[in-house]
Amino acid sequence: MIYLDNHATTRLDPRVLETMLPWLTDRYGNAGSVTHELGREARVKVDASREVFAAAIGARANEIVFTSGATESANLAILGTASRIRGRTEGISRGHVITIATEHHAILDPIEHLEREGFAVTRLPVVGQDDPGVPGRIRLADLDAALRPDTFLVSVLLANNEIGVVQEVAAIADRVHAEGAMLHVDSAQALGRMKVDVDAIGADLASFSGHKFHGPKGVGALYVRRRGRAVRVDPLVFGGGQERGMRSGTLDVPAIVGLAEAARLANEGLAEEGPQMRRLRDRLWEALVDTVPDVAINGPAIDADDGGRAAVRLVNNLNVHIPGVDGQSLLATLSGEGLAVSSGSACSSESPRPSHVLLALGLSEDQARASLRFGLSRFTTENEVDEAARRIAAGVAGLRAI
Ligand SMILES: Cc1ncc(COP(=O)(O)O)c(C=O)c1O
């Protein structure tokens with residue numbers, strides 16, 4: 001099996017597992033039970049893990065709320081801020097939220113829920129594949145036009161999970177703050193693939209997920225700014241008052257330990273692993289260009305840069321469409337060949353609908369279905385990339401011959 005589906009999830013790094021094991025076995029105390037040693041050592045470890053995770057994203061420990069993953073973090077950010085302004089806004093709208101049409105469903109769906117409750121919503125379009133500019137990025141002028149006095153929240157993806165496009169988040173933050181609104185940044189795909197510093201990007205809230213950077217599944221974090229423009233969120237889950245009341249429930253100590261270690265390793269390894277993933281990703285693209293006639297890229301050009309200011313495309317991402325083949329047959333063929341790739345996000349790959357991200361870029365439904373998303377990781381090798389390209393070229397040739 002060649003695994004190139006690292007936007008869906010990543011392999012647990014053995015070094016992360018190592019740090020988790022004691023907390024899954026002998027050291028099983030409840031971090032809330034500070035009346036005895038087992039509980040106290042768990043509490044100390046959670047506190048230390050909070051420091052480590054916070055440092056990895058440029059935050060302070062008291063700005064981190066541990067959650068079950070980026071879906072929960074985003075729901076808490078969106079519904080938890082909306083809950084605080086509920087009923088306070090005059091007029092028909094109960095408040096206004098802005099997001100991007102190409103966001104993950106962990107953002108789009110809670111926002112749609114708010115819309116049903118009477119909030120106003122703007123979903124910004126993105127630059128199309130053949131338009132001037134960077135495909136997949138929003139136009140800042142569209143954001144300027146959308147911001148209104150009752151806008152309380154803008155939610156943007158730092159890096160898209162399908163086409164890897166990196167938004168101009170710092171510039172977005174300036175505009176959002178000038179209007180007095182808060183910025184939530186879904187950073188699930190970014191850690192370990194680019195530097196993430198919540199201050200540098202101007203995030204007030206930011207969502208993270210352990211399993212996207214070689215940590216365990218079912219754990220994540222929400223960054224909630226306390227310095228400067230302090231942000232407050234109402235809880236979605238009530239109970240024992242853990243996480244300063246923002247997220248009740250007994251803490252999953254081993255998972256939190258793993259999350260922190262995975263974030264630390266992601267930062268520590270980035271200088272070496274970033275260029276390595278980029279080189280292999282470029283090699284994969286060049287091999288496909290050489291062996292798959294008419295293959296075309298979805299999203300920003302592979303060598304797109306921003307005049308050195310920021311990344312434009314995640315170093316580990318490639319997304320292509322392959323004209324003249326049926327998408328489902330292609331995926332089935334590649335899966336039969338032992339290649340793990342996808343045509344869209346994992347959450348939507350069970351539904352036959354084409355990717356909303358690719359449609360927003362202006363691709364047709366057939367083009368979107370006949371698209372492949374690749375995500376490389378620190379564990380991807382040159383041999384795997386070469387072999388993957390060979391299997392794709394053979395699979396496409398076979399399907400086109402039918
Ligand atoms: C951009 C983005 N946001 C949110 C999520 C949801 O994360 P989780 O699996 O931790 O709930 C994902 C993962 O699928 C993602 O790629």
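In this report, we go over the structure that sits alongside the text. All of these numbers come straight from a predicted model, not from anything done at the bench. (Residues numbered from 1 in each chain as written. Predicted model: local features only at pLDDT ≥ 70, side-chain atom pairs only at ≥ 80, totals over all residues. Heavy atoms only, no water.)

### Side note on the packing of aromatic side chains
So, step 1. Within the structure shown, the criterion is met by 2 aromatic pairs.
So, step 2. Relative to Phe 208, the ring of Phe 53 lies with its centre 5.5 Å away and its plane at 80°, an arrangement referred to as edge-to-face. Separated by 155 residues along the polypeptide, Phe 53 in helix α2 (residues 37-56) and Phe 208 in strand β7 (residues 205-209) bring together distant segments of the chain. One exposure class covers both Phe 53 and Phe 208, and it is buried. (Phe/Tyr/Trp six-rings, centres within 6.5 Å; stacked < 30°, edge-to-face > 60°. Helix = DSSP H or I, 4+ residues; strand = E, 2+ residues; numbered from the N terminus. Buried < 20%, exposed > 50% of the residue type's maximum accessible area, 1.4 Å probe, protein only.)

### Section: a nonpolar patch on the surface
So, step 1. Taken together, the side chains of Leu 17, Leu 21 and Leu 24 make up a nonpolar region of the molecular surface, amounting to roughly 240 Å² of accessible area.
So, step 2. Secondary-structure assignment places Leu 24 in helix α1 (residues 14-24). (Patch = residues over 30% accessible without salt bridge, like charges linked within 9 Å, V, L, I, M, F, W, Y side chains within 5 Å. Areas by Shrake-Rupley, 256 points an atom, 1.4 Å probe, with all protein chains shown as cover. Salt bridge = Lys/Arg side-chain N within 4 Å of Asp/Glu carboxyl O.)

### Side note on the sheet that holds β7
By definition, the strands of a sheet pair up through backbone hydrogen bonds, in either a parallel or an antiparallel sense.
So, step 1. The 7 strands are arranged β2-β8-β7-β6-β5-β3-β4 in an open sheet whose pairing can be described as mixed. Two strands in the sheet have a free side with no partner beyond their single neighbour: β2 (64-67) and β4 (120-124). The mean inter-strand angle of the sheet, taken between neighbouring strand axes irrespective of direction, is 15°.
So, step 2. With 5 bridges joining them, β7 and strand β8 (residues 220-224) adopt antiparallel strand pairing. Its bridge partner being in β8, Ala 206 is matched across the sheet by Tyr 223.
So, step 3. Contacting β3 (96-100), β4, β5 (151-157) and β6 (182-186), helix α4 (residues 105-116) crosses the sheet at an angle of about 155° to β3. (Pairing = 2+ DSSP bridges. Axes fitted to C-alpha atoms, helices over the stretch in contact; angles between N-to-C directions. Contact = heavy atoms within 4.5 Å.)

### Comments concerning the site of the ligand
So, step 1. Looking at the ligand, the residues that line it are Gly 69, Ala 70, Thr 71, His 104, Leu 157, Asn 161, Asp 186, Ala 188, Gln 189, Ser 209, His 211 and Lys 212.
So, step 2. A distance of 3.1 Å separates an oxygen atom of the ligand from a polar atom in the side chain of His 104.
So, step 3. Here Ser 209 contributes a side-chain N or O atom positioned 2.6 Å from an oxygen atom of the ligand.
So, step 4. Across the complex, the protein chains shield 89% of the 390 Å² of accessible surface that the ligand would expose by itself.
So, step 5. Broken down by class, the residue content of the shell around the ligand amounts to 3 nonpolar, 7 polar and 2 charged. (Near = heavy atom within 4 Å. Polar contact = N/O pair within 3.5 Å; in protein donor to acceptor, adjacent residues only side chain to side chain. Nonpolar A, V, L, I, M, F, W, Y, C, P; charged D, E, K, R; others polar.)

### As for the pattern of salt bridges
So, step 1. Within this structure, the stated rule accounts for 31 salt bridges.
So, step 2. A salt bridge links Asp 13 to Arg 378, with the shortest nitrogen-to-oxygen separation between them at 2.7 Å. Within this pair, whereas Asp 13 is found in the loop between β1 (2-3) and α1, its partner Arg 378 is found in the loop between β12 (371-375) and α11 (382-401), the two being separated by 365 residues in sequence.
So, step 3. Glu 41 serves as the salt-bridge partner of Arg 27, at 3.2 Å between the closest nitrogen and oxygen. Of this pair, Arg 27 sits in the loop between α1 and α2 while Glu 41 sits in helix α2, placing them 14 residues apart in sequence.
So, step 4. What you see here is one network of salt bridges that share partners, running through Glu 63, Asp 199, Asp 204, Arg 225, Arg 227 and Arg 229.

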